[in-house]
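What follows is each chain in one-letter form.
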Amino acid sequence: QVQLVESGGGLVQAGGSLSLSCVARGRTVSEYAMGWFRQTPGKERDFVAGISWNSATYHGESVQGRFTISRDNAKNTVYLQMNSLQAEDTAVYYCAAKKWYYSVRTAEYEYWGQGTQVTVSS
């Protein structure tokens, strides 16, 4: 069993930056891919960025060049550095884990965190 705990969300002005963290507990995640997703009320949970067990990354089109996913296996932690934030980035951000390779599909992830709110004021 893997428990994921996100932190780092908050309120920021447009153009600002935030850094999210997701700590995994209960098992080492070196064999897991990690993903960041986000969701706004009434909408589906959307893929933001993913990082495979071998640190290969992929960022969704809407965040490319602004967000960066990374991982530190020694700390069992995955990060999402968010720069040039826009009002459209306002959402609850979730991290998720699945074996080996990232996916853009929520259904493929085995474990989920509880989410952290990011609010960008314009």
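Below: a short report on this structure. Because the structure is a prediction, the values reported are computed rather than measured.

**Side note on the overall build of the protein chain**
Phase 1 of the analysis: Counting its regular elements, the protein chain contains zero helices and eleven strands.
Phase 2 of the analysis: Seen in sequence order, the protein chain has helices and strands lined up from the N terminus as β-β-β-β-β-β-β-β-β-β-β.
Phase 3 of the analysis: The C-alpha radius of gyration computed for the protein chain amounts to 13 Å, which stays within 12% of the reference 14 Å derived for 122 residues, consistent with globular compactness.
Phase 4 of the analysis: With respect to the three principal axes, the spread of C-alpha positions in the protein chain is 40 × 30 × 25 Å.
Phase 5 of the analysis: Every one of the 122 residues in the protein chain was classed for burial, and the buried ones make up 43%.
Phase 6 of the analysis: Put simply, of all contacts in the protein chain between residues at least 6 apart along the chain, 59% involve residues at least 24 apart.
Phase 7 of the analysis: If you sum the accessible surface of the protein chain, you get close to 6200 Å²; carbon and sulfur atoms cover 46% of it.
Phase 8 of the analysis: Positive and negative side-chain charges in the protein chain, numbering 11 and 10 respectively, have mean positions lying 5 Å apart.

**What to know about the environment of Glu110**
Phase 1 of the analysis: Tracing the backbone shows Glu110 in the loop between strand S9 (91-99) and strand S10 (111-112).
Phase 2 of the analysis: A polar contact of 3.2 Å, which involves the side chain of Glu110, links it to the side chain of Tyr111.

**A word on the side chain of His59**
Phase 1 of the analysis: In this fold, His59 is placed in strand S6 (residues 57-59).
Phase 2 of the analysis: There is a polar contact of 3.5 Å between the side chain of His59 and the backbone oxygen of Phe67.
Phase 3 of the analysis: Here Ile69 takes part through its backbone nitrogen, which lies 2.9 Å from a polar atom of the side chain of His59.

**Things to note about the sheet that holds strand S3 (residues 18-25)**
Phase 1 of the analysis: Read across the sheet, four strands follow the order S1-S3-S8-S7 without closing on themselves; strand pairing throughout is antiparallel. Unpaired on one side and paired on the other, strand S1 (3-7) and strand S7 (67-72) mark the two borders of the sheet. Within this sheet the neighbouring strands show an average axis-to-axis angle of 15 degrees, counted without direction.
Phase 2 of the analysis: Pairing of S1 with S3 involves five bridges; the strand directions are antiparallel. Across the sheet, residue Val5 finds its bridge partner in S3, namely Val23.

**Notes on the side chain of Glu6**
Phase 1 of the analysis: Considering the arrangement of structural elements, one finds Glu6 in strand S1.
Phase 2 of the analysis: One buried charged side chain, Glu6, makes no salt bridge at all; its nearest oppositely charged neighbour is Arg45, positioned 7.2 Å away.
Phase 3 of the analysis: Within polar-contact distance, the side chain of Glu6 engages the backbone nitrogen of Gln114 at 3.0 Å.
Phase 4 of the analysis: Polar contacts involving the side chain of Glu6 include one to the main-chain amide nitrogen of Gly115, which spans 2.9 Å.
Phase 5 of the analysis: Not counting chain neighbours up to four residues away, the residues in contact with Glu6 comprise Ser21, Cys22, Trp36, Tyr93, Tyr94, Cys95, Gly113, Gln114, Gly115 and Thr116.

**Quick look at the pairing of S7**
Phase 1 of the analysis: Residues Phe67, Ile69 and Arg71 point to one face of S7 and are all buried, whereas Thr68, Ser70 and Asp72, pointing to the other face, are not buried.
Phase 2 of the analysis: Sheet analysis places S7 next to strand S8 (residues 77-82), joined by six bridges and oriented antiparallel. In the strand pairing of S8, Phe67 is matched with Met82.
Phase 3 of the analysis: As consecutive antiparallel partners, S7 and S8 are separated by four residues, and within that stretch Asn76 has a phi angle of approximately 55 degrees, a positive value.

Criteria and thresholds
Along each chain, residues carry numbers from 1 onward, in the same order as the chain's sequence is written. For a predicted model such as this one, the threshold for reporting local features is a pLDDT of at least 70, and the threshold for listing and counting side-chain atom pairs is 80 or more; totals across whole chains, interfaces and linings nevertheless cover every residue. Side-chain descriptors were evaluated using all non-hydrogen atoms of the structure, hydrogens and water having been removed beforehand. Secondary structure follows DSSP: runs of H or I at least 4 residues long count as helices, runs of E at least 2 residues long count as strands, and numbering of each begins at the N terminus. C-alpha atoms define the radius of gyration in this analysis, and the globule rule sets the expected value at 2.2 Å times the number of residues to the power 0.38. We call a residue buried when its accessible area falls under 20% of the maximum for its residue type, exposed when it is over 50%, and partly exposed in between, using a 1.4 Å probe and counting protein chains only. Note on definitions: a residue-residue contact is assigned when non-hydrogen atoms from the two residues lie within 4.5 Å. Working definition of accessibility: Shrake-Rupley area with a 1.4 Å probe, residue cover restricted to the visible protein chains. Asp and Glu count as negative and Lys and Arg as positive, but His and the ends of the chain are not part of the count. Lysine's charge is taken at NZ, arginine's at CZ, aspartate's at CG and glutamate's at CD. Two N or O atoms count as a polar contact when they lie within 3.5 Å, although within protein this holds only if one can serve as hydrogen donor and the other as acceptor, and sequence-adjacent residues are included solely when both atoms are side-chain atoms. Two strands qualify as a pair provided DSSP detects at least 2 bridges between them. Angles run from 0 to 180 degrees between N-to-C directions of axes, and those axes are lines fitted to C-alpha atoms, restricted for helices to the stretch in contact. A side-chain nitrogen of Lys or Arg and a carboxyl oxygen of Asp or Glu constitute a salt bridge if their distance falls within 4 Å.

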